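# Survey of secondary and tertiary structure
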Amino acid sequence: MFGYVMIDKGEMKFREFDIYQSYYCGLCKELKRKYGRIGQCTLTYDMTFLVILLSGLYEPRIRREKCRCLLHPVKKKVIRYSEITSYGADMNLLLTYYQCLDDWQDEKKYKKWILAKLLKGKMKKEQKLYREKGEKILAYLKELNSLERKGERDIDKVSGCFGRILEEVLAYRKDEWNSFLRRMGFYLGKYIYLLDAYEDLEKDKKDKQYNPLLYMEQEMPRDEFDKTVKNILNMMLGECCRAFEQLPIIENVAILRNILYSGVWTRYDRMHQGNGEKHDGSVQDIGGI
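Residues numbered from 1 in each chain as written. Predicted model: local features only at pLDDT ≥ 70, side-chain atom pairs only at ≥ 80, totals over all residues. Heavy atoms only, no water.

### A few points about the overall build of the protein chain
The helix and strand inventory of the protein chain stands at 13 helices and 2 strands. Per-residue burial for the protein chain yields a buried fraction of 54% across its 289 residues. A separation threshold of at least 6 residues defines the contact pool for the protein chain, and within that pool the share at least 24 residues apart is 71%. On the protein chain, roughly 14,800 Å² of surface is accessible, and the fraction owed to carbon and sulfur atoms is 50%. (Helix = DSSP H or I, 4+ residues; strand = E, 2+ residues; numbered from the N terminus. Buried < 20%, exposed > 50% of the residue type's maximum accessible area, 1.4 Å probe, protein only. Contact = heavy atoms within 4.5 Å. Areas by Shrake-Rupley, 256 points an atom, 1.4 Å probe, with all protein chains shown as cover.)

### Overview of the packing of aromatic side chains
Taken as a whole, this structure holds 11 aromatic pairs when the rule is applied. Each ring, one from Tyr191 and one from Trp265, has its centre 5.5 Å from the other, and the planes form 75 degrees; the classification is edge-to-face. Taken together, the residues span a long stretch of sequence, with Tyr191 in helix 8 (residues 178–199) and Trp265 in the loop between helix 12 (253–261) and helix 13 (266–271) at a distance of 74 residues. The exposure class assigned to Tyr191 is buried, which follows from its relative accessible area of 0%. Centroid distance Tyr198 to Phe225: 6.1 Å. Interplanar angle 55 degrees. Geometry classified as tilted. Taken together, the positions of Tyr198 in helix 8 and Phe225 in helix 11 (residues 222–244) put the pair 27 residues apart, joining distant regions of the chain. The burial state of Tyr198 is the same as that of Phe225; both residues are buried. When the ring centre of Phe17 is taken as origin, the NZ or CZ atom of Lys9, which lies over that ring, is 4.4 Å away. (Phe/Tyr/Trp six-rings, centres within 6.5 Å; stacked < 30°, edge-to-face > 60°. Lys NZ or Arg CZ within 6 Å of the ring centre and 35° of its normal.)

### Comments concerning empty space enclosed by the protein
Applying the stated criterion across every chain yields a total of 2 cavities of 30 Å³ or more. Estimates place the volume of the largest cavity at around 80 Å³. For the lining of the largest cavity, the secondary structure elements donating two or more residues are helix 2 (45–58), helix 7 (155–170) and helix 8. Taken together, the residues of the lining of the largest cavity sort by class into 12 nonpolar, no polar and 1 charged. Roughly 60 Å³ of internal volume is contained in the second largest cavity. Lining the second largest cavity are Phe2, Leu95, Tyr98, Gln99, Ile137, Leu141, Phe162 and Ile165. If you list the elements that add at least two residues to the lining of the second largest cavity, you get helix 3 (83–107), helix 6 (131–150) and helix 7. Considering every element that reaches the lining of the second largest cavity, the biggest residue donor is helix 3, with 3 residues. (1 Å grid on protein atoms, 1.4 Å probe; cavity = no way out; pocket = protein on both sides within 12 Å on 5 of 7 lines; lining within 4 Å. Points joined across faces, edges and corners; volume = space filled by probe spheres on them. Nonpolar A, V, L, I, M, F, W, Y, C, P; charged D, E, K, R; others polar.)

### Some thoughts on the environment of Glu132
Along the chain, the position of Glu132 falls in helix 6. Between the C-alpha atom of Glu132 and that of Glu168, which follows or precedes it by 36 residues, the distance is 9.8 Å.

See the structure below:
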C-alpha cells in the first residue's frame, strides 16, 4: 500500500523538483548506511514526503553533500539529510517489515516472507527504540487482517486501521503539533487504503479476494459508484489538508502542497486516463465518513 504519496512533476518548478530529489536521494543513502542494500530496496516516495514534512515543521540542521550512486554513476547528485532522515529511514524499514509479515500471513507470499526475515535481522535496535510505536502498528495491522478475513463491509472501520498506522508514523514528537500530525496521518492513511482498494477492485473481483468497496459497487450503478468513491477520497484529503494548513511550515511548503493537493491523485488520474477524467486539485474541507 505504498507509492501513493508522490509528487505531480508536471506541476512542479525545476528547483522544487531538484530539492525533492535531494531529499529522496538523502533517504536512499541513509537506508543504505543503516541497513545496507536490502534497506535501499525498501525506499518509498511516501517516506520522502514524511521527511520533507517533518523537516519543514521542526527545522533540523540540514546537511548537504554531493555523491554518486549506481543509478547516477557519472554525475554527482546533491543530497539533503538530517536527524529526521534517520527517523524516516527507520519508519520506512518498520513499515516494510510489518507489511511483509501481513502479506505472508494474508496471502502466503514467500518472497515477502523471505524479505521479512532479511529485514528482521537488521532492525533489532529500531524495534527497541520504537517499541511502543511498533507494537501499536503491529496491533493495527492484526486488527486490519482480522476485519478483512471476516469480510467487514464498513469501509470506515477497515480504512481507519490503516489510518491509525500512518497516524503513528507521522507522530514524531509529543508536542503542540502532535494532534495535527496525527490527524494528517489518520486521514491520509484512510485515503491510501481506499484508493488502493479502488485500484485493485477489478483484480480482487476476478481473484475472489476481499475488497471493502465491492459491496458498495454491487449496490449502485457504476457511474454513481465512481462518483461516490471520488467524493469519499476528497473528504479524506480535505481533512488531511485542513490539519496540514494548521502547521507553521514555510520551508518547502510548495512541494508539500504539490504532493497533498495534486501528487496523491496521480494514481487515481492514471486509472481514468481512458475516459478523460482528471482530478482538478481541489479537496472538500468537510468531515470524514
